[in-house]
Amino acid sequence: MSATDKSKKHKLTVFLIKEGYAEPKDFLKFNEFKVVEVKTDGGKLGQLIYKGGFQSTPSWVSIFQHVQGFDAATIKNQSSKGLFVLKLDGRWFCFTFGYARHLIDEHAYERNFGLIVTLNLGDPLAIKSIDKTNISHISLHSKEQATRDIELASFEFDNDIDLLRSATAKATTADGEEQETLSGRDSVTIHTKVSIDVFWDVAKRLYTAFADTKYKERYPWLEKIREERDKDVTEKLDQELARRILDNDFQKLWLAIPEVVSWEEIEGFAFKHKEEQPDKSGPVFYQDLDIHEWVTVTKISKDLSATQLKNKNIFIYWQDGRPVSHWSVYRCLNAEIDLDQKKFILNDGDWYHIEANYVTEVDQFYKSIPDSKVALPPHGLKKEPEYLEAVAAASSDFALMDRKLVMIGGRRSSVEFCDLYSKNKEIIHVKKYGGSSVLSHLFSQALVSGDCFLHEAEFREDVNKLLPHEFKFADTVAQPQPKDFEICIAVMSKEKGALELPFFSKVSFKHAVKALHNLGYIVTKLKIER
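Described in the following lines is the structure provided in the data block. What you see is a predicted model, and the numbers here were worked out from it, not measured in a lab.

## Some remarks on empty space enclosed by the protein
Then, number 1: All told, the structure shown has 2 cavities of 30 Å³ or more when counted by the stated rule.
Then, number 2: Forming the boundary of the largest cavity are Ile257, Pro258, Arg331, Asn334, Asn347, Asp348, Gly435, Ser436 and Ser437.
Then, number 3: Per-class residue counts for the lining of the largest cavity are 2 nonpolar, 5 polar and 2 charged.
Then, number 4: Taken as a whole, the second largest cavity holds about 30 Å³ of empty space.
Then, number 5: If you trace the second largest cavity, you find it lined by Trp254, Asn334, Ala335, Glu336, Ile345, Leu346, Asn347, Ser436, Pro502, Phe503 and Phe504.
Then, number 6: Secondary-structure elements contributing two or more residues to the lining of the second largest cavity are strand 16 (333-339), strand 17 (342-347) and helix 13 (503-519).
Then, number 7: Looking at the lining of the second largest cavity, its residues break down into 7 nonpolar, 3 polar and 1 charged.

## Topic: the sheet that holds strand 13 (residues 266-270)
Then, number 1: A sheet is described by the order of its strands in space; here 3 strands give the open sequence 13-14-15, paired in antiparallel fashion. On the outer flanks of this sheet lie strand 13 and strand 15 (325-328), each paired with one strand and no other. Shown here is a sheet whose adjacent strand axes are inclined to one another by a mean of 20°, direction ignored.
Then, number 2: Here strand 13 runs beside strand 14 (residues 313-318); their pairing, made up of 4 bridges, is antiparallel. Following the sheet pairing, isoleucine 266 is matched in strand 14 by tryptophan 318.

## Some words on unusual backbone geometry
Then, number 1: A positive phi angle, near 55°, is found at asparagine 248, a position not held by glycine.
Then, number 2: Structurally, asparagine 248 can be placed in the loop between helix 5 (231-246) and strand 12 (253-255).
Then, number 3: A positive phi angle, close to 65°, is found at lysine 425, a residue other than glycine.
Then, number 4: Here lysine 425 shows up in the loop between strand 22 (420-422) and strand 23 (426-432).

## As for the layout of surface pockets
Then, number 1: Of the volumes computed, that of the largest pocket is approximately 710 Å³.
Then, number 2: Take the lining of the largest pocket: its biggest share by element is 4 residues, from strand 8 (residues 162-171).
Then, number 3: In the lining of the largest pocket, the residues fall into 15 nonpolar, 4 polar and 19 charged.
Then, number 4: In this model, the second largest pocket occupies a volume close to 600 Å³.
Then, number 5: Taken together, 30 residues make up the lining of the second largest pocket; nearest its centre are Lys252, Trp254, Tyr433, Glu500 and Leu501.
Then, number 6: At the level of elements, strand 12, helix 6 (291-297), helix 9 (356-368) and helix 13 are the ones that each hand at least two residues to the lining of the second largest pocket.
Then, number 7: Grouping the amino acids of the lining of the second largest pocket by side-chain chemistry returns 13 nonpolar, 4 polar and 13 charged.

## Thoughts on the packing of helix 2 (residues 113-121) against helix 3 (residues 199-211)
The axes of two packed helices give the description: the angle between them and the distance between them.
Then, number 1: In contact at an axis separation of 8 Å, helix 2 and helix 3 are set at 90° when each is read in the N-to-C sense. Our classification of the angle between helix 2 and helix 3 gives roughly perpendicular. Contacts from Phe113, Ile116, Val117, Asn120 and Leu121 of helix 2 reach helix 3 at Arg205, Leu206, Ala209 and Phe210.
Then, number 2: Considered class by class, the residues forming the contact of helix 2 with helix 3 number 7 nonpolar, 1 polar and 1 charged.

About the criteria used
Residues numbered from 1 in each chain as written. Predicted model: local features only at pLDDT ≥ 70, side-chain atom pairs only at ≥ 80, totals over all residues. Heavy atoms only, no water. 1 Å grid on protein atoms, 1.4 Å probe; cavity = no way out; pocket = protein on both sides within 12 Å on 5 of 7 lines; lining within 4 Å. Points joined across faces, edges and corners; volume = space filled by probe spheres on them. Nonpolar A, V, L, I, M, F, W, Y, C, P; charged D, E, K, R; others polar. Helix = DSSP H or I, 4+ residues; strand = E, 2+ residues; numbered from the N terminus. Pairing = 2+ DSSP bridges. Axes fitted to C-alpha atoms, helices over the stretch in contact; angles between N-to-C directions. Parallel < 35°, antiparallel > 145°, perpendicular 65-115°, else oblique. Contact = heavy atoms within 4.5 Å.

Read these as spatial facts, not as claims about activity.
Right under this line is the structure:
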């Protein structure tokens, strides 16, 4: 961007306001702020909205507040807030300074504006850092920073299971121009030379970049899955979610535990919290989460909202008497909803927009994996460890390997070889049905175990020590032939019909199975009936 040589470099943070807002007061909260009209030779440019004199006490002051002679009242931080707003082609741009972004209505600005602009204007070979979310573990957000300019593919980024949240890149430049750095998610931050005269040019360039579709050609996977953070859209989705619950419309709507748990440590789940007292009945325990049971037990008002679902809890009671834990009902809800001809997934408390073609691709892959011919009995009401013990005790065809950990990674971590191992060389991994994070743990274990078994003689030797005599490998030194083994991924489910998984679980399943196929294994899936 051009600027006079006298211009100083500043960091500009810019938001693009959605269409339909006529005046700044429609999307800003700036009572008691000063408003100044900014003009140039060409006429009115925009409005500067600002306020100074915000004072706060630094947190470290509290450490010394009782020290004799220390005058805490004199220790203050002082800050200011400012926004510069201008209108270009019918759209408002907000340049924020200080902590002024909080003055903007969260419904008003374009989500992912900064990310799209950064990917379009940034040099594909000069990415500095990325923020990502792994959909196998939705709670896992990570940041990667490069020590030199590299392309996105050089980061540890798997476009099947990672979502790009934000990026920092150096802008492409013409000969003789000074290179700028851009960083963005919802807003875009640019480190560039700035004067009053360049604001219009900055807005014009950013708006053009936002409209450009070049990023889709560079990164075609970006639109497959993305977190839906447009408040107007998520409010509509929450309203549809509440309507379905009130109408008992539970097709593609269910409850599942959102975290990996040790089932043997859980006494039960409860939909109402009651203190256990000798003279009073305690809580009613359930061994799994079922949305039909929850609706029957819970008093649901006719004006049910997402806020109410977030405030209602499901309680976890523990065998060892530790304090009761809880998850919000909203976090335990899983849903697939079509809205305005788009598909959305609710997973672990967040909504995601899924490209229709990608849904088809994932579903077709999942259906292509054959069902296992391994014969396992119904699980009834048994918990996972109890069920596995019963299977091994009832049949001499299976060896119990549940919770028998084998060291890996230079003995810095450990993994189960499997849960059950059969005399037919079936490596069976079992997990009780749960949310995406729970099932992703199952798939990850199958992949890590399968890779170690194939490539590490020490791992095979350690597994052999844990196997009963009649199941031991004849040779742990020679690399096994993976085609001789079947890796069976089994899920204990209470639902009738074929085994159905949450969409994100299918994505993780696809990722793990493709990797196991590449190693040469036969992979099957199995539903263990109730």
